[in-house]
Amino acid sequence: MEKLAQMDLSALAEHKFACLCGKNHAAKAHVLYGDASESLKAVLEKIAPMSKAALLCTRDAFYAEGERWMRAVRNAGATPLNVILAKKFDNALENIGGLFSLPDDVRAVIVFESALYDVASYFSALKNLPAVYIARSAEAENMLSPVVFLKIRRKTEFIYADNEKYVLIDPASITAGKSAAAAFASLSSAIVSLIDYRVRGVFTGEYCSESYNLARAAISSAVNAAASENAPLELLEARIRLAVAETYTDGKILRGGENAVAEFLEAAGKAPFSFAERKFFAALKLIDIYHAFFSLPHGKDMRVPDYVCRAKEVAAATGAKESVVLEGILKTAAAVSDERVKETGAQLLFEIEALKNLTGKFAATYYALGGNKELFKNYAPEEVRRAVFYAPDLPETFSVLTLMRESGALEYLL
Ligand SMILES: [Zn+2]
């Protein structure tokens, strides 16, 4: 079998295979290169002939480009239905009305602003409609994600996305700007998730080496791409490759510690930062923490964590149901054994040490791409401590922090 990491991106997106991990993998995605209006026309002729296609965009983008995309929709023989949204989805109740009441004859959801990918992903999954992403920048957060989430009325709603996805890439129109820094931040922070995915594999048996290798290759190509002239396009492509690995593992490969810490940091800090940047901050912090945990000799702490109290805190902070949080905590707690923690630490320490030496380079690359220097001054130590302390308790998360919670190290290392 051809190595996944070496496959052409369009072929990889449509590839289906029976994996050694026991699952049948398919990303159910299509990547089309070329003029985006032409690609959009071709896609809609296939998925929405003689019907409606919802065009999701902000007011400013609608004035700037709405006409262009509406023309492409009409050229395909479909009718555009404009849904104008506010970027900060949670604060705009009109957003919810417009999307929940999409007419039944809408056959596709189209989005051309990366800031709205999460909204488009959520609603296309909810309505089981094909999503068409017109990629304009390196930023691809949530694009193709198998589990999509959106904050609606202050509560994070998750949904499993099994709908078809189309990504239209016109290489000449992929622009740089700040999105390259955010894309690099998102991709490079996933190195922590990959460590955690291996840890998850050791303790829970959930592991797919094909997905791991694909994700790892995508991350290293992103790190190398950052210095290239073509950085925005290459970062976008790496992000899509990573999303394919994410799909193969139902999102687990990216549900590591940095993801959970970033979720808790949303309500913290002096200024609001994107999820990608919060993950990046968390990842650099966690590399140090994981390193400290595995380098110090430690025995089992005699005190058992107060699971009920933790579940209460996490439920209150995230809006998740307390019983669901507690069930998740007990499940991960049961998977951890002291003996295995020692073995795993010995296997991973060398690698984490190498990453520790790279964190300065990652931060420098983020700045060179236009990243915000305030990121590393944005969170108070107490806010970071709290985020790291509760991060292992988020549902569906498994990380080195889970091992730290069970060994009592969370209390001491922070
Ligand atoms: Zn597999």
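Predicted, not measured: the structure shown is a model, and the values here were computed from it. (Residues numbered from 1 in each chain as written. Predicted model: local features only at pLDDT ≥ 70, side-chain atom pairs only at ≥ 80, totals over all residues.)

**So, the overall build of the chain**
Alright, step 1. Assigned secondary structure in the chain consists of 17 helices and 10 strands.
Alright, step 2. In terms of overall dimensions, the chain is globule-like: its C-alpha atoms have a radius of gyration of 21 Å, near the 22 Å expected for 414 residues.
Alright, step 3. Taking the principal axes of its C-alpha atoms as reference, the chain extends roughly 70 × 45 × 45 Å.
Alright, step 4. When each of the 414 residues of the chain is scored for burial, the buried share is 47%.
Alright, step 5. The long-range fraction of contacts in the chain, counting pairs at least 24 apart against all pairs at least 6 apart in sequence, stands at 77%. (Helix = DSSP H or I, 4+ residues; strand = E, 2+ residues; numbered from the N terminus. Rg over C-alpha atoms; globule rule 2.2 N^0.38 Å. Buried ≥ 20, exposed ≤ 12 C-beta atoms within 10 Å, placed from the backbone. Contact = placed C-beta atoms within 7 Å.)

**Description of the domain arrangement of the chain**
Alright, step 1. Here the domain parsing of the chain yields domain 1 (35–169) and domain 2 (179–413).
Alright, step 2. Placing the centre of domain 1 and that of domain 2 at their C-alpha centroids yields a distance of 29 Å.
Alright, step 3. In this assembly, 16 residues from domain 1 lie in contact with 19 residues from domain 2.
Alright, step 4. Of the residues in the side of domain 1 that touches domain 2, the class split is 8 nonpolar, 4 polar and 4 charged. (Domains from an automatic or database assignment. Nonpolar A, V, L, I, M, F, W, Y, C, P; charged D, E, K, R; others polar.)

**Some words on the sheet that holds strand β10 (residues 165–169)**
Alright, step 1. Spatially, β3-β10-β7-β6-β4-β5 is the arrangement adopted by the 6 strands of the open sheet, whose pairing is parallel. Two strands close off the open sheet at either side, each with one partner strand: β3 (29–33) and β5 (79–84). Put simply, the sheet's adjacent strands are angled 20° from each other on average, direction ignored.
Alright, step 2. Both strand β4 (residues 52–57) and strand β6 (residues 106–111) contribute to a ladder of 5 bridges, which runs parallel. What sits directly across from Ala54, in β6, is Val109.
Alright, step 3. Strands in contact with helix α5 (residues 117–126) are β4, β6 and β7 (131–135); relative to β6, the strand with the most contacts, it is inclined by about 165°. (Pairing = 2+ DSSP bridges. Axes fitted to C-alpha atoms, helices over the stretch in contact; angles between N-to-C directions.)

**Some remarks on helix α8 (residues 231–248)**
Alright, step 1. For α8, with 18 residues, the first-to-last C-alpha span of 26 Å sits near the 26 Å given by 1.5 Å per residue.
Alright, step 2. Most of α8 sits inside the fold, with 18 of its 18 residues counted as buried.
Alright, step 3. Backbone geometry just downstream of α8 places Asp250 in the positive-phi region, at approximately 50°. (Expected span 1.5 Å × (residues − 1).)

**With respect to the pairing of β5**
Alright, step 1. Across 6 bridges, β4 lies against β5 in parallel orientation. In the sheet register, Leu55 faces β5, and the bridge partner there is Asn82.
Alright, step 2. Taken together, β4, helix α3 (residues 59–75) and β5 form a β-α-β motif whose crossover is right-handed. (Right-handed = clockwise from strand over helix to strand, strands pointing away.)

**Structural notes on the packing of helix α6 (residues 179–204) against helix α10 (residues 275–295)**
Alright, step 1. Two numbers describe how α6 lies on α10: the axes approach to 8 Å, and their chain directions differ by 35°. As for the relative orientation of α6 and α10, their crossing is left-handed in sense. Facing Ala182, Ala185, Ser186, Ser188, Ser189, Ile191, Val192 and Ile195 of α6, the residues of α10 in contact are Ala276, Glu277, Lys279, Phe280, Ala282, Ala283, Leu286, Ile287 and Tyr290. (Left-handed = near helix turned anticlockwise from the far one by under 90°.)

**A short note on the packing of α6 against helix α7 (residues 209–225)**
Alright, step 1. Axis separation between α6 and α7 bottoms out at 9 Å; the angle between their running directions is 145°. The way α6 lies across α7 gives a crossing that is left-handed. Taking contact as the criterion, the partners of Phe184, Leu187, Ser188, Ala190, Ile191, Leu194 and Tyr197 in α6 are, on α7, Tyr212, Ala215, Arg216, Ile219, Ala222 and Val223.
Alright, step 2. Split into classes, the residues belonging to the contact of α6 with α7 amount to 11 nonpolar, 1 polar and 1 charged.

**Some words on the nonpolar core**
Alright, step 1. In terms of nonpolar packing, the biggest core is built from 134 residues, with Leu56 and Ile110 touching the most fellow members.
Alright, step 2. In terms of residues, this core owes the most to one element, α6, which gives 13 residues.
Alright, step 3. The residue makeup of this core includes at least three contributed by each of domain 1 (35–169) and domain 2 (179–413). (Core = buried A, V, L, I, M, F, W, Y, C linked by C-beta atoms within 7 Å.)

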